[in-house]
Amino acid sequence: MLSVRDVHKSFGDNHVLKGVSFDVGEGDVVAVLGASGSGKTTLLRCLEFFEHADSGSMEIDGLQVDLTTHSARLSRSIRQKTAFVFQNYNLFNNKTALENVMLGLTVARKMDRASARKIAVAALTKVGLGERLDYYPCELSGGQQQRVGIARALAVNPKVIFFDEPTSALDPELVGEVLGTIRQLAAEGTTMVVVTHEMSFARDVATKVIYMDGGVIVEQGRPDKIFTRPENERTRRFLARYLQDFDYNI
Amino acid sequence: MQKITLEKIIYFFTGSVPALGVTFAYVIVSMIFGTIIGTGLYRMKSSHSKVAGFLANLYVTVVRCTPSLVMLFLVFYGLPLLVGGEAGARMEEWPILTFVCVTFSIFIGASSSEIIRAAVEAVPAGQAEAGLSVGLSGMQTFRYVTLPQMLKNAMPNIGNTVILLIKEGALAYTIGLRDVLGQAYYLSGREMNAYAVSMYIALTLIYWPLTILLEHLFAAFERALTPWERKGKRAALRRTAEGGAKYAG
């Protein structure tokens, strides 16, 4: 359903992505793991055309596109098939929770307000914020803001939702509510690519795990395989470092 | 020794107030054209073209370094010469107000390019990215997400510019414009400036309330533009109250 081929991206002399390829099937939850600076976030940003890749291509829902394109029309047509959940939520500060979710429907998709409202209310109710429709972002906690962000992504009925470290900016006690929401979406078969540092989440929820290091995919596969029998030495070292913390939590 | 009389103050006040129309005319026209020039300059500055950026910065520097009185004379006497020939000669027939509007549009162009830049940059980049991510076009993102937030950022500066313009514009009496100040000078001149102090008092009584009124007006605009900020303050107060109650309990 989504396939990404040979993405390269440099910032000046810094070669961040050195040929990344992967496939995502319908209903897949792909967890992208890796240390900071391994290129995970840059990869997602290239797929959403927030950065122009130096080379590479993507096929989504039968639409083939060159990731280096500067065409606003083309990148918009891809963005209409995807949605993005940001690390810092990036809710529209000037709009209420409901308006945040509705904007992509009424303006980008020219839906009438009544239908858009119905969809938006349903999406917000799903993430547990049906009582907070008229709240502005600054009146919501981080966890609530991020759940509005997820509702905003859900509402436009995307083929795939990209999550860029959705819990990294949250206070520890708020991480659970956001992960719970993503878990629920996974159970309903939403296709997602999630860049994350939450190992337990990746192990329990993902259908596929990608481990990145130094701008390449070192290893990818089913989570039980990656977490219990990693083939690559680098993956093993990375997991050992992170799972130490993780083991204490069990 | 001059005498200050209430009668003369009222005379100058009532005689000059009607000329406020002229003041408002050049303020509104210059703000509109100045903002258009400023938007163009901002786009040049933020473009990838080095030449465009250089030209825009050159414009801003040159205009900033020119005293407004000098610019006023340059435009008033220089522009018809620059155009030259018959067209130039015809320009000299233009109403003085036109030259004043041109001068201040040039000025506002320079300052508003910086105001616009600051206002845009104060809106986090993630706001526009979020707009694009839900499928909005660049223009729609600007219209629905960036513009409302940047207007709020720019409003205090816009207010300052208007107030500055009203006062700076008084300089235009030097080329014969009959705005409030020009009109007052004209009336005073008819009486050999025998009551000049009364005239200045009358002018003060016009400019003060006008400026105060405008300050309040722009503050009201800013509040009307930002319903989310008021809610935010309420939420902050509520949180503080709850926090306080928690500690007290």
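First, a word on scope: everything that follows refers to the structure included in this document. (Residues numbered from 1 in each chain as written. Chains lettered and ligands numbered in written order. Predicted model: local features only at pLDDT ≥ 70, side-chain atom pairs only at ≥ 80, totals over all residues. Heavy atoms only, no water.)

Quick notes on the overall build of chain A
Selection criterion: Only DSSP runs of H or I with at least four residues qualify as helices, and only runs of E with at least two residues qualify as strands; both kinds are numbered from the N terminus onward. To get the radius of gyration, use the C-alpha atoms; to get the globule rule, take the number of residues to the power 0.38 and multiply by 2.2 Å. Remark: exposure states derive from per-residue accessible area (1.4 Å probe, protein chains only) relative to the maximum for the residue type, with buried under 20%, exposed over 50%, and partly exposed in between. Whether two residues are in contact is decided by their heavy atoms: any pair within 4.5 Å suffices. Residue exposure ignores everything except the shown protein chains as possible cover, and the areas themselves are Shrake-Rupley values with a 1.4 Å probe.
Scanning chain A from terminus to terminus reveals 9 helices and 10 strands. Relative to the compact-globule value of 18 Å for 250 residues, chain A shows a C-alpha radius of gyration of 18 Å, a close match. For chain A, the C-alpha atoms occupy an extent of roughly 55 × 45 × 30 Å along the three principal directions. Across the 250 residues of chain A, 55% fall into the buried class. The long-range fraction of contacts in chain A, counting pairs at least 24 apart against all pairs at least 6 apart in sequence, stands at 62%. As displayed, chain A has an accessible area near 10,400 Å², and 45% of this comes from carbon and sulfur atoms.

Comments concerning the overall build of chain B
What counts here: Only four residue types enter the tally: Lys and Arg on the positive side, Asp and Glu on the negative side, with His and both chain ends excluded. Where a charge sits is defined by one atom per residue type, namely NZ (Lys), CZ (Arg), CG (Asp) or CD (Glu).
Per the secondary structure count, chain B includes 11 helices and 0 strands. Taken over the C-alpha trace, chain B has a radius of gyration of 24 Å; the compact-globule value for 249 residues is 18 Å, which it surpasses by more than 25%. Counting only C-alpha atoms and orienting by the principal axes, one finds that chain B spans roughly 75 × 55 × 25 Å. In chain B, which comprises 249 residues, the proportion classed as buried is 41%. Accessible surface, chain B: about 13,900 Å² in total, of which carbon and sulfur atoms supply 68%. Side-chain charges in chain B split into 21 positive and 14 negative, and the spacing between the mean points of these groups amounts to 10 Å.

Quick look at the sheet that holds strand β2 (residues 14-24) of chain A
Residues and elements named next belong to chain A. Test applied: When DSSP locates at least two bridges between a pair of strands, those strands are taken to pair. Whenever a helix is involved, its axis is fitted only over the stretch in contact; in every case the axis is a line through C-alpha atoms, and angles between N-to-C directions fall within 0 to 180 degrees.
Taken in spatial order, the 4 strands line up as β2-β1-β4-β5 in an open sheet, and their pairing is antiparallel. Since the sheet does not close on itself, it has two edges, and those belong to β2 and β5 (63-66), each with one partner. If you compare each strand with its neighbour and ignore which way they point, the axes differ by 15° on average. Across 8 bridges, the pairing between strand β1 (residues 2-11) and β2 is antiparallel. Note that in β2 the partner of H8 across the bridge is K18. Along the sheet face, helix α1 (residues 40-47) touches β1, β2 and β4 (55-60) and points at about 65° away from the line of β2. Against the sheet, helix α2 (residues 72-79) contacts β4 and β5, and its axis sits at roughly 135° relative to β5.

Structural notes on the interface of chain B and chain A
Stated precisely, the cut-off is as follows: Throughout, the accessible surface (probe 1.4 Å) given up by two parts as they are put together, summed over both, is called the buried area. Any Lys or Arg side-chain nitrogen located within 4 Å of an Asp or Glu carboxyl oxygen qualifies as a salt bridge. Pairs of N or O atoms within 3.5 Å make up the polar contacts considered here, provided that, within protein, one atom can donate a hydrogen while the other can accept it, and that residues adjacent in sequence are counted only when both atoms are side-chain atoms. Gly falls in the polar group here, along with every residue not listed as nonpolar (Ala, Val, Leu, Ile, Met, Phe, Trp, Tyr, Cys, Pro) or charged (Asp, Glu, Lys, Arg).
Taken together, the contacts link 23 residues of chain B with 29 residues of chain A. With both chains or domains summed, chain B and chain A bury close to 2,200 Å², and 57% of this area falls on carbon and sulfur atoms. Here chain B and chain A share 1 salt bridge between them. Taking the shortest distance from any N to any O, the salt bridge between B:E129 and A:R45 comes out at 2.6 Å. Here chain B is connected to chain A by 10 residue pairs in polar contact (both at pLDDT 80 or more). Residue assignment for the side of chain B that touches chain A shows that the elements contributing at least two residues are α7 (125-133), α8 (138-168) and α11 (227-248) of chain B. Grouping the constituent residues of the side of chain B that touches chain A by class yields 10 nonpolar, 9 polar and 4 charged.

Quick notes on a nonpolar patch on the surface
Residue and element names in this part refer to chain B. Operational definition: Like-charged residues are merged into a patch within 9 Å and nonpolar side chains (Val, Leu, Ile, Met, Phe, Trp, Tyr) within 5 Å, provided each residue has over 30% relative accessible area and no salt bridge.
A cluster of nonpolar side chains, F24, I28, I32, F33 and I36, forms an exposed patch at the surface whose accessible area comes to about 500 Å². Mapped onto the elements, F24 comes out in helix α2 (residues 20-46). Taking relative accessible area as the criterion, F24 reaches 34% and is therefore assigned partly exposed.

Re the pairing of strand β8 (residues 192-195) of chain A
Residue and element names in this part refer to chain A. Judged by which residues are buried, β8 turns out to be covered on both faces: M192 and V194 on one side and V193 and V195 on the other are all buried. Alignment of strand β3 (residues 29-33) against β8, held across 4 bridges, turns out to be parallel. Residue pairing for β8: V30 is matched across the bridge by V193. Both strand β7 (residues 160-164) and β8 contribute to a ladder of 4 bridges, which runs parallel.

Thoughts on the environment of B:M155
Residue and element names in this part refer to chain B. Tracing the chain through its elements places M155 in helix α8. For the pair M155 and F73, spaced 82 residues apart in the sequence, the C-alpha separation amounts to 30 Å. Those residues in contact with M155 that lie beyond four places of it in its chain are F218, F221, E222 and L225.

A look at the layout of surface pockets
Residue and element names in this part refer to chain B. The condition that has to hold: Using protein atoms alone on a 1 Å grid, points that fit a 1.4 Å probe yet trap it form a cavity, whereas open point sets bounded by protein on both sides within 12 Å along at least five of seven lines form a pocket; residues with an atom within 4 Å of a point count as lining. Grid points are joined across faces, edges and corners, and a volume is the space filled by probe spheres set on the points.
One number sums up the size of the largest pocket: a volume of about 1,500 Å³. Taken together, 41 residues make up the lining of the largest pocket; nearest its centre are Y42, I116, V120, F142 and M150. Residue assignment for the lining of the largest pocket shows that the elements contributing at least two residues are α2, α6 (96-121), α7, α8 and α10 (196-225). No other element matches α8, which puts 13 residues into the lining of the largest pocket. Along the lines of polarity and charge, the residues of the lining of the largest pocket split into 29 nonpolar, 9 polar and 3 charged.

Brief notes about the environment of B:V29
Here B:V29 is to be found in helix α2. Once residues lying within four places of it in the same chain are set aside, the contact partners of B:V29 are B:C101 and B:S105.

Some remarks on the sheet that holds β7(A)
All names here are of chain A. In space, the 6 strands of this open sheet follow the order β6-β7-β8-β3-β9-β10, with mixed pairing throughout. The strands lining the two open edges of the sheet, one partner per strand, are β6 (82-85) and β10 (216-221). On average, each strand axis in the sheet is inclined to that of its neighbour by 20°, with strand direction left out of account. Summarising the sheet, β6 and β7 pair through 4 bridges and their orientation is parallel. The partner of V85 across the bridge, within β7, is F163. In this fold helix α5 (residues 142-155) packs onto β6 and β7, with an angle of close to 175° to the strand it touches most, β6. Across the face of the sheet, helix α6 (residues 172-187) comes into contact with β3, β7 and β8 while running at roughly 150° to β8.

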